[in-house]
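Notes for the structure review
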Amino acid sequence: MSLKPAEPSKAVEPVAAPPSQGSEASAPRPAVHRKGLLAAALLLHAMLVVSVAFEARPAISALHNDIVYRLGPAADFFAVYHAAVNLEAGESPYVEGSDATTPPHYPFRYLPIVGHVARPLLMLSPGTARVLWIVCLEGLLLALLLALRKRMEPSRWLGVSALLLASSPFFLELYMGQFTFAAMTLFALALLLPNRVFFHA
């Protein structure tokens, strides 16, 4: 009698259990979390902008030496405003001295053309002109975020947007009334935006 070799036993494949009801709802949702992060950054941004615009010692004071120990608020911006006042009076933009209008400011160190460009601001009070400059910087930030949205993946864009909206150096720029963010954002927009016809002769 011949013996047949034993057939190898077949491994029983485990059967995946069907997903229980409600498991999809309990699963993490990264997109929802990122949008929540962006919403929190927007709320924080709005609160800090209001603080910077209307408080002598805004909420970010503890983070920056310039706010605590130097002239402010808007000492850099009011230097340009003071230059415009001088030019309107027929004087050099570099003349120092109280004009009974401009709040405390640093000496004007820019080209005279900057003071000439700022002369329309004299139709506004210094405080109102400063708020208008803050609105302009906020508009540039929005334009930058929208331009980046077209060039980045949604997940990365949400992260970058949250970082920019909560950027402490940006709020210091608003407080001091500086121009660095405006200049760099205009340069970035020139590279990011389509139909850059002004680059072509």
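Residues numbered from 1 in each chain as written. Predicted model: local features only at pLDDT ≥ 70, side-chain atom pairs only at ≥ 80, totals over all residues. Heavy atoms only, no water.

**Thoughts on a nonpolar patch on the surface**
Residues Met123, Leu124, Leu132 and Val135 make up a contiguous nonpolar surface patch of roughly 390 Å² in combined accessible area. Under the relative-accessibility criterion, Leu124 is labelled partly exposed at 30%. (Patch = residues over 30% accessible without salt bridge, like charges linked within 9 Å, V, L, I, M, F, W, Y side chains within 5 Å. Areas by Shrake-Rupley, 256 points an atom, 1.4 Å probe, with all protein chains shown as cover. Salt bridge = Lys/Arg side-chain N within 4 Å of Asp/Glu carboxyl O. Buried < 20%, exposed > 50% of the residue type's maximum accessible area, 1.4 Å probe, protein only.)

**Considering the packing of aromatic side chains**
The description of an aromatic ring pair rests on the distance of the ring centres and on the angle between the ring planes. What the rule picks out here adds up to eight aromatic pairs. Pairing Trp133 with Phe179 gives two aromatic rings, centres 5.2 Å apart and planes at 50°, and the pair type is tilted. Taken together, the residues Trp133 in helix H6 (residues 126-149) and Phe179 in the loop between helix H8 (168-176) and helix H9 (180-192) connect sequence positions 46 residues apart. Relative accessible area serves as the criterion here: at 18%, Trp133 is assigned to the buried category. Look at Phe179 and you get partly exposed, because its relative accessible area is 25%. With centroids separated by 5.9 Å and ring planes inclined at 70°, the aromatic side chains of Phe170 and Phe171 adopt a geometry described as edge-to-face. Exposure class is identical for Phe170 and Phe171. Each is buried. Feature note: the residues Phe77, Phe78, Tyr94, Phe108, Tyr110, Trp133 and Phe179 constitute an aromatic cluster, connected by ring pairs. Over the ring of Trp157 we find Arg149, and its NZ or CZ is 5.1 Å from the ring centre. (Phe/Tyr/Trp six-rings, centres within 6.5 Å; stacked < 30°, edge-to-face > 60°. Helix = DSSP H or I, 4+ residues; strand = E, 2+ residues; numbered from the N terminus. Lys NZ or Arg CZ within 6 Å of the ring centre and 35° of its normal.)

**Details of the nonpolar core**
Among the nonpolar cores identified, the biggest contains 37 residues, and Leu137, Phe171 and Leu174 are the most heavily contacted of them. For this core, the element with the highest residue contribution is H6, accounting for 10 residues. Listed in part, the five residues of the second largest apolar core include Val80, Ala83, Ala84 and Phe108. (Core = buried A, V, L, I, M, F, W, Y, C linked by side-chain atoms within 4.5 Å.)

**Brief notes about the packing of H6 against H8**
H8 packs onto H6 with a crossing angle of 150° between their chain directions and a minimal axis gap of 9 Å. Taken as axis vectors, H6 and H8 run roughly antiparallel relative to one another. H8 is crossed by H6, and the crossing has right-handed handedness. The residues of H8 that touch H6, namely those facing Arg130, Ile134, Leu137, Glu138 and Leu141, are Phe170, Glu173, Leu174 and Tyr175. Across the contact of H6 with H8, the residue classes break down as six nonpolar, no polar and three charged. (Axes fitted to C-alpha atoms, helices over the stretch in contact; angles between N-to-C directions. Parallel < 35°, antiparallel > 145°, perpendicular 65-115°, else oblique. Left-handed = near helix turned anticlockwise from the far one by under 90°. Contact = heavy atoms within 4.5 Å. Nonpolar A, V, L, I, M, F, W, Y, C, P; charged D, E, K, R; others polar.)

**Regarding the confidence of the model for the chain**
When pLDDT is averaged along the chain, the result is 84; 81% of the residues meet or exceed 70. Of all the helices and strands in the chain, helix H1 (residues 23-26) carries the lowest mean pLDDT, 50, while H6 carries the highest, 95. When the criterion is pLDDT under 50, residues 197-201 qualifies, and its contacts beyond four places in sequence or with other chains add up to two contacts. (pLDDT = per-residue confidence, 0-100.)

**Looking at the pattern of salt bridges**
Under the criterion given, the structure shown has two salt bridges. A salt bridge links Asp66 to Arg70, with the nearest nitrogen and oxygen atoms 3.4 Å apart. The residue Arg119 makes a salt bridge to Glu88 at a minimum N-O spacing of 2.9 Å. On the criterion of sequence distance, the pair formed by Arg119 in the loop between helix H5 (112-117) and H6 and Glu88 in helix H4 (residues 75-88) is long-range, its members being 31 residues apart.

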